[in-house]
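A structural walkthrough
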Amino acid sequence: MILCAGEALIDMLPRQTEAGEAAFAPYPGGSVFNTAVALARLGQTVEFFTGLSTDLFGERLAGVMMANGVGSALAHRSDRPTTLAFVTLTDGQASYAFYDENTAGRMLTASDLPAIPEAAKACFFGGISLAVEPCAEAYAEMAERASQGHVVMMDPNIRPSFIKDEARFRARMDRMLAACDVIKASDEDLHWLLGDHGIPMLAEQMLAKGPALVLVTQGGDGVTAYFEGGEVHVDAHMVEVVDTVGAGDTFNGGVLAGLAQAGALDKGMIRKGLTEETLREAMTLGVKAAAITVSRAGANPPRLDELA
């Protein structure tokens, strides 16, 4: 089983009414929510911890989780509102405006954290939940707890406009990186975190902070994994891009699913015994799944039979 921890929200996606007027339509989303759904659709057993509202949007999120086989028993329910993310698209590239003050997801604290199930092989963290307080501090503590015996993966998914106290955020990132076995970051994430050097040098600096494996996505240029003593590259799949919503989240799910299928979701194996072949196959699954997601509107990860 894989435990995902982070935000579940509503993406307000741009649409057009029958009268031709611009409008927004609500779709369940959120970085970690999308990863959880991707994992479940790829045949993995998934539990999801988040702050989940009892409002109409929260009920819709819970319904989508149930329909996709994502367990929500660990979620902390409250009557606070659901986070909304208004999405704008420019040449298929998504940008976001978040409405997150005093929401069910944001107001989580360490006292709301569940015990990590014994069945969990890995824990995944990421998204805007790592940038806003108090929930960010709760997730950092949860990652530190999970690191004692579980594979920990993180996607920081940096949103600079969300970061109100950069020094505090960077200190929390360092705490979480020290707890991580795997980090996935875009090239933009790496540059924001570590500066303007070349990607290989930045990946080496990231490895020095604690992870055993650094996965760097570069859009159409594919993804490269960096680890002690080597690297593995997988090209992107060329498809007609409808939009990029959920692409990185789907990739995360694909990599975790690929490692699970290979029996490699083991802390010792990730750190010492992961073969390049196993890693390449997991990355390839992530790339193929992400390519399907960007070929259709919104965050709509593929099912396993679509990858055959």
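The structure reproduced in this document is the subject of the present report. (Residues numbered from 1 in each chain as written. Predicted model: local features only at pLDDT ≥ 70, side-chain atom pairs only at ≥ 80, totals over all residues. Heavy atoms only, no water.)

Points about the layout of surface pockets
The computed volume of the largest pocket comes to approximately 1300 Å³. Taken together, 49 residues form the lining of the largest pocket, with Gln93, Ser186, Thr244, Ala247 and Gly248 sitting closest to its centre. Looking at the lining of the largest pocket, the elements that each hand over two or more residues are strand S2 (9-16), helix H1 (31-41), strand S9 (93-99), strand S12 (182-186), helix H5 (187-194), helix H7 (247-261) and helix H9 (276-294). With five residues, the top contributor of residues to the lining of the largest pocket is S9. Of the residues belonging to the lining of the largest pocket, the class tally is 22 nonpolar, 18 polar and nine charged. Approximately 340 Å³ is the volume found for the second largest pocket. Residue lining of the second largest pocket: 14 residues in total, with Ala212, Phe227, Glu228, Ile270 and Arg271 positioned closest to the centre. Examining the composition of the lining of the second largest pocket, we find that four residues originate from one element, helix H8 (residues 267-273), more than from any other. (1 Å grid on protein atoms, 1.4 Å probe; cavity = no way out; pocket = protein on both sides within 12 Å on 5 of 7 lines; lining within 4 Å. Points joined across faces, edges and corners; volume = space filled by probe spheres on them. Helix = DSSP H or I, 4+ residues; strand = E, 2+ residues; numbered from the N terminus. Nonpolar A, V, L, I, M, F, W, Y, C, P; charged D, E, K, R; others polar.)

So, the packing of H1 against H7
Interhelical geometry of H1 versus H7 gives an angle of 40° and a closest axis separation of 8 Å. Comparing their axes, H7 and H1 come out oblique. Crossing of H1 over H7 shows right-handed handedness. For the pair H1 and H7, contact is made by Ser31, Asn34, Thr35, Ala38 and Leu39 and by Asp249, Thr250, Asn252, Gly253, Leu256 and Ala257, respectively. Per-class residue counts for the contact of H1 with H7 are four nonpolar, six polar and one charged. (Axes fitted to C-alpha atoms, helices over the stretch in contact; angles between N-to-C directions. Parallel < 35°, antiparallel > 145°, perpendicular 65-115°, else oblique. Left-handed = near helix turned anticlockwise from the far one by under 90°. Contact = heavy atoms within 4.5 Å.)

Some thoughts on the environment of Arg168
Mapping Arg168 onto the fold places it in helix H4 (residues 166-179). What makes Arg168 partly exposed here is its relative accessible area of 39%. Put simply, Arg168 and Ala131 are 37 residues apart on the chain and 9.5 Å apart in space, counted from C-alpha to C-alpha. Those residues within four positions of Arg168 in sequence are excluded, and the remaining contacts are Glu133 and Glu137. (Buried < 20%, exposed > 50% of the residue type's maximum accessible area, 1.4 Å probe, protein only.)

Focus: the nonpolar core
One finds Cys4, Phe48, Val70, Leu215, Leu279 and Met283 to be the most contacted residues of the largest nonpolar core, which totals 50 residues. Top element by residues in this core is H9. It accounts for eight residues. Once residues lying within four places of it in the same chain are set aside, the contact partners of Val70 are Ala36, Val37, Ala40, Val46, Phe48 and Met65. Counting residues in hydrophobic clusters, the runner-up holds 45 residues, among them Leu113, Leu130, Val132 and Val214. (Core = buried A, V, L, I, M, F, W, Y, C linked by side-chain atoms within 4.5 Å.)

So, the packing of aromatic side chains
All told, the structure shown has seven aromatic pairs when counted by the stated rule. Centre to centre, the rings of Phe49 and Tyr139 are 6.1 Å apart; their planes meet at 65°, and the pair counts as edge-to-face. Here Phe49, found in strand S4 (residues 46-49), pairs with Tyr139, found in helix H3 (residues 135-146); they are 90 residues apart in sequence, far enough to count as distant. The pair formed by Phe49 and Tyr139 is uniform in burial state, with each residue classed as buried. With a centroid separation of 5.7 Å and an interplanar angle of 15°, the aromatic rings of Tyr96 and Phe98 are classed as stacked. Take Tyr96: its relative accessible area is 24%, and that puts it in the partly exposed class. An aromatic cluster is defined as three or more aromatic residues linked by ring pairs; in this entry it consists of Phe24, Phe86 and Tyr99. It is Arg170 that lies over the ring of Trp192; its NZ or CZ is 4.2 Å from the centre. (Phe/Tyr/Trp six-rings, centres within 6.5 Å; stacked < 30°, edge-to-face > 60°. Lys NZ or Arg CZ within 6 Å of the ring centre and 35° of its normal.)

Regarding the sheet that holds S2
Strand order in this open sheet of four strands is S3-S2-S8-S9, and the pairing throughout is mixed. A strand with exactly one partner marks an edge of an open sheet, and here the two such strands are strand S3 (22-29) and S9. Along the sheet, successive strands turn relative to each other by an average axial angle of 30°, direction set aside. In terms of strand pairing, S2 meets strand S8 (residues 84-90) through three bridges, oriented parallel. Counterpart to Met12 in the pairing with S8 is Phe86. Across the sheet, helix H2 (residues 56-68) touches S2, S3 and S8, and the angle it forms with S3 is around 55°. (Pairing = 2+ DSSP bridges.)

Observations concerning the pairing of strand S10 (residues 122-126)
With five of five residues buried, S10 lies mostly within the body of the structure. Residues of S10 alternate between two faces, with Ala122, Phe124 and Gly126 on one and Cys123 and Phe125 on the opposite face, all of them buried. Summarising the sheet, strand S1 (residues 2-5) and S10 pair through four bridges and their orientation is parallel. From the neighbouring strand, Ala5 faces S10, where its bridge partner is Phe125. Relative to strand S11 (residues 151-155), S10 runs parallel, the two sharing five bridges. The residue of S11 that forms the bridge with Phe124 is Met153. Once you follow S10 into H3 and on to S11, the crossover reads as right-handed. (Right-handed = clockwise from strand over helix to strand, strands pointing away.)

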